[in-house]
Amino acid sequence: MLDFKALTGIKIDKPDKISYESVRKTWDIISKPIDGLGDFEKIICRIAAIQRTDRPDVSKRAALIFCADNGIVEEGISQSKKEITLSVARALGSGISSACTLAKSAGVTVIPVDVGIDTDESILGVRNMKVKRGTENFLKTPAMTESEALLAIEHGIELVKELSNDGVKIISTGEMGIGNTTTTTAVLSALLNTDSDELTGRGAGLSDEGLARKMLVIKEGTKKNSFDNIKDPKERAFEILRCLGGLDIAALSGAFIGGAIFHVPMVIDGVISSAAALIAETLLPGVRDYLVPSHKGREKGNEQALSKLGLEPLINGNMALGEGTGAIMLFPLLDSVMFYYEHGAKFSDYNIDEYKRFDK
């Protein structure tokens, strides 16, 4: 099993600059203003650099959706009971969930994974990589042991390796677990040294009273678990994950690390996967170069997490559906941009002069 030293000793290669520049030059000979498609041109260049090719490919794609329960739910921080996690996981397995419906239109293979649902049920259509039946209540004890957090991270890495070996070219991420906006907000407030009240949102739709309770629980949890005495940023990030996080966040962190190891572009969904991405980048600087942001989301912490990563979301849709749906919705846009990249008329087709690029 992976240990902390081995995890943080993994070497992350930089994406290929030559591939990036090759694709940018192709963009510049297509008949349009320089950078006319803005951030979408840059994303295709980045995907090419990650894949180390001048022919970027997003045709075979998958969505990894990690499902897990959270012990903090017993503190009344959600309007839903933890049993909803199992119900939605069943829907994911049977192909009728929100993510599955959107994925069908976007040509995405959905892979739901049980890393910590509080059940002994073997869920049809869901990969069983359970670490344990949910985390502990972080107001009472750390959410995970070191070995549990590391195993969840390892599962995320393993799945990306498997998909890469199967020819998957790009992977989106998602999660399902009642209470995971609470664990995420606690993690982010500790990582960013930010007052948790400024990051706490309503999750799946809390009342004012419920939101106040959620804020109180998060504030108490972050005070109880102090990380100020941990000087090494990697150790600090891991302890924040272990003490406050969820098995879904840990597995997502592993998936992002896997993307960097195996040179696979990884699409971030909302605040939960953004928090996991920030954990992954802190554990292994350089992971961020393999990440593709999808949407801004409604949860307050998402924009701060992406900003810390130096990433700008491509979609501003005020979404809060979960299950990785925002990330899946990026694929049709990528398909349109890729089609234009491959088939757009060149300046030479018009017999007119090209625009000149003056930036470096």
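Residues numbered from 1 in each chain as written. Predicted model: local features only at pLDDT ≥ 70, side-chain atom pairs only at ≥ 80, totals over all residues. Heavy atoms only, no water.

1. Observations concerning the packing of helix 6 (residues 146–165) against helix 10 (residues 247–262)
Thinking step 1. For the pair helix 6 and helix 10, the least separation of the axes is 7 Å and the interaxial angle reads 40°. By the angle between their axes, helix 6 is oblique relative to helix 10. In this structure, helix 6 crosses over helix 10, and the sense of that crossing is right-handed. In this structure, helix 6 contributes Glu148, Ala149, Ala152, Ile153, Gly156, Ile157, Val160, Lys161 and Ser164 to the contact, and helix 10 contributes Leu247, Ala250, Ala251, Gly254, Ala255, Ile257, Gly258, Gly259, Ile261 and Phe262.
Thinking step 2. In the contact of helix 6 with helix 10, the residues fall into 12 nonpolar, five polar and two charged. (Axes fitted to C-alpha atoms, helices over the stretch in contact; angles between N-to-C directions. Helix = DSSP H or I, 4+ residues; strand = E, 2+ residues; numbered from the N terminus. Parallel < 35°, antiparallel > 145°, perpendicular 65-115°, else oblique. Left-handed = near helix turned anticlockwise from the far one by under 90°. Contact = heavy atoms within 4.5 Å. Nonpolar A, V, L, I, M, F, W, Y, C, P; charged D, E, K, R; others polar.)

2. Description of the packing of aromatic side chains
Thinking step 1. The final tally for this structure, using the stated rule, is four aromatic pairs.
Thinking step 2. Seen from their ring centres, phenylalanine 347 and tyrosine 355 are 5.8 Å apart, and the 70° between their planes marks the pair as edge-to-face.
Thinking step 3. Assessed through its relative accessible area of 2%, phenylalanine 347 is described here as buried. (Phe/Tyr/Trp six-rings, centres within 6.5 Å; stacked < 30°, edge-to-face > 60°. Buried < 20%, exposed > 50% of the residue type's maximum accessible area, 1.4 Å probe, protein only.)

3. Observations regarding the sheet that holds strand 1 (residues 61–68)
Thinking step 1. Strands sit in the order 3-2-1-4-5-6 across an open sheet of six strands; the sheet is parallel. Of all strands in the sheet, those bounded by a partner on one side alone are strand 3 (127–128) and strand 6 (291–293).
Thinking step 2. When strand 5 (residues 266–268) meets strand 6, the two strands line up parallel, connected through three bridges. Bridge pairing in strand 6 places methionine 266 opposite leucine 291.
Thinking step 3. Sheet strands in contact with helix 10 are strand 1, strand 2 (108–116), strand 4 (170–176), strand 5 and strand 6, and its direction is about 155° off that of strand 1. (Pairing = 2+ DSSP bridges.)

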